[in-house]
Amino acid sequence: MTQPIRANSILPAHREDIELQTADGLTLVGELARPLDREPVATVVCLHPLPTHGGMMDSHVFRKAAWRLPALAGLAVLRFNTRGTSSVRGTSGGVFSSGVDEKYDVAAAIEFAEFADLPHIWLLGWSFGTDLTLMHGLDPAVAGAILLSPPLRFSQPRHLAAWAAEGKPLTAIVPEFDDYLRPAEATERFAAVPHAEVVPIAGGKHLWVGDAEKVLDEIVSRVAPSVEVPLPRTWDGPMETGDMNAYANRTTAAFADVPMPRADQR
């Protein structure tokens, strides 16, 4: 029976809990979701928003990517909690390091994807995760990167210069009403990377509430260009339902009174 794909819809995939081991001795918890009936055509490694403000591997765009993209687009989706971050999956070792020691976390995720023989590894950062991508993501195994709501808060001009020199694909997907960096300013800032693509999303906001489908389409069109977009909004087959209550206290709104870390706190 054909059913609409809703926010809590979980499509079939091979899902396994994983652990990442960092070079500085930490264990990070995560999940790898792969297509159930075929080899993946590409891989996205998800780097989540600020854990001090509710960011985690289950932040809604990443959760929906893992629940949908293996079935709809043939992608492998690797998501994990950076150091000191908690979610339903568990808590990763260590403590939040304002983007400094997280370099080991990014490296551990890329290394895991390599050892698992996952193809065409792309980094998918969101907010704080975009800074981690720019700062620590230029690994030989990485094919390219997609940045959701990049604040360019912790990353520095030298990181953009490095991406410019490397020439790897870099796409910034920027909401019209972002809290930190809007499309016009993003175009100016990313001019430092001549080949970078800035994609404005009309009406979008930093958290992408109500716009997850648009974001997933933009991701797939770059990571797996052979896959037709927009992706289907219905599914004819088995479908599970996720427990949305598990994430109710992990929203950015719940952390509204928590001061944002400064870029010089590193």
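Please read all numbers here as calculations on a predicted model, not as lab measurements. (Residues numbered from 1 in each chain as written. Predicted model: local features only at pLDDT ≥ 70, side-chain atom pairs only at ≥ 80, totals over all residues. Heavy atoms only, no water.)

Q: What am I meant to see in the pattern of salt bridges here?
A: As a working rule, side chains carrying opposite charge can pair if their charged atoms are close by. In this structure the tally under the stated criterion is 13 salt bridges. Residues Arg79 and Glu31 are paired through a salt bridge, measuring 3.2 Å at the closest nitrogen-oxygen approach. Here Arg79, found in strand β6 (residues 75–80), pairs with Glu31, found in strand β4 (residues 27–34); they are 48 residues apart in sequence, far enough to count as distant. Under the relative-accessibility criterion, Arg79 is labelled buried at 4%. Note on Glu31: relative accessible area 11%, which makes it buried. We note a salt bridge from Arg222 to Glu218, for which the minimum N-O separation is 2.7 Å. With a gap of four residues between them, Arg222 and Glu218 both fall in helix α6 (residues 212–223), about one helical turn apart. (Salt bridge = Lys/Arg side-chain N within 4 Å of Asp/Glu carboxyl O. Helix = DSSP H or I, 4+ residues; strand = E, 2+ residues; numbered from the N terminus. Buried < 20%, exposed > 50% of the residue type's maximum accessible area, 1.4 Å probe, protein only.)

Q: What exactly am I supposed to notice about the nonpolar core here?
A: Across soluble globular proteins, you tend to see nonpolar side chains buried next to one another. Ranked by size, the top nonpolar core spans 38 residues in total, and within it Leu20, Val45, Leu78, Phe80, Leu134, Leu170 and Phe190 carry the most contacts. Setting aside its immediate chain neighbours within four residues, Leu170 contacts Leu134, Ala145, Leu147, Trp163, Phe190, Val193, His195, Ala196 and Glu197. Membership of the second largest hydrophobic core comes to 33 residues, among which are Ile5, Leu11, Trp122 and Leu216. (Core = buried A, V, L, I, M, F, W, Y, C linked by side-chain atoms within 4.5 Å. Contact = heavy atoms within 4.5 Å.)

Q: Honestly, the pairing of strand β5 (residues 42–47) in this entry has me stumped. Any pointers?
A: It is a general feature of regular strands that their side chains alternate between the two faces of the sheet. Burial runs high along β5: six of the six residues are buried. Residues Ala42, Val44 and Cys46 line one face of β5 and the alternating positions Thr43, Val45 and Leu47 line the opposite face, and both faces are buried. In this structure, β5 lies alongside β6, joined through five bridges in parallel fashion. Across the sheet, residue Thr43 finds its bridge partner in β6, namely Ala76. (Pairing = 2+ DSSP bridges.)

Q: Is there a simple way to think about the environment of Ile5 in this case?
A: Along the chain, Ile5 turns up in the loop between β1 (2–4) and β2 (9–10). Residues Ile5 and Leu28, 23 residues apart in the sequence, show an inter-C-alpha distance of 30 Å. Not counting the four nearest positions on each side in its chain, Ile5 is found in contact with Leu11, Arg68, Leu72, Pro232, Arg233, Thr234, Trp235 and Met239.

Q: In this structure, what is going on with the packing of helix α3 (residues 128–136) against helix α4 (residues 157–166)? I would like to understand it.
A: Contact geometry for α3 and α4: axes closest at 8 Å, N-to-C directions at 60 degrees. Considering the angle they form, α3 stands oblique to α4. Seen along the crossing, α3 lies across α4 with a hand that is left-handed. Within the contact between the two elements, α3 uses Thr133, Leu134 and Met135 and α4 uses His159, Leu160 and Trp163. Looking at the contact of α3 with α4 residue by residue, the classes come out as four nonpolar, two polar and no charged. (Axes fitted to C-alpha atoms, helices over the stretch in contact; angles between N-to-C directions. Parallel < 35°, antiparallel > 145°, perpendicular 65-115°, else oblique. Left-handed = near helix turned anticlockwise from the far one by under 90°. Nonpolar A, V, L, I, M, F, W, Y, C, P; charged D, E, K, R; others polar.)

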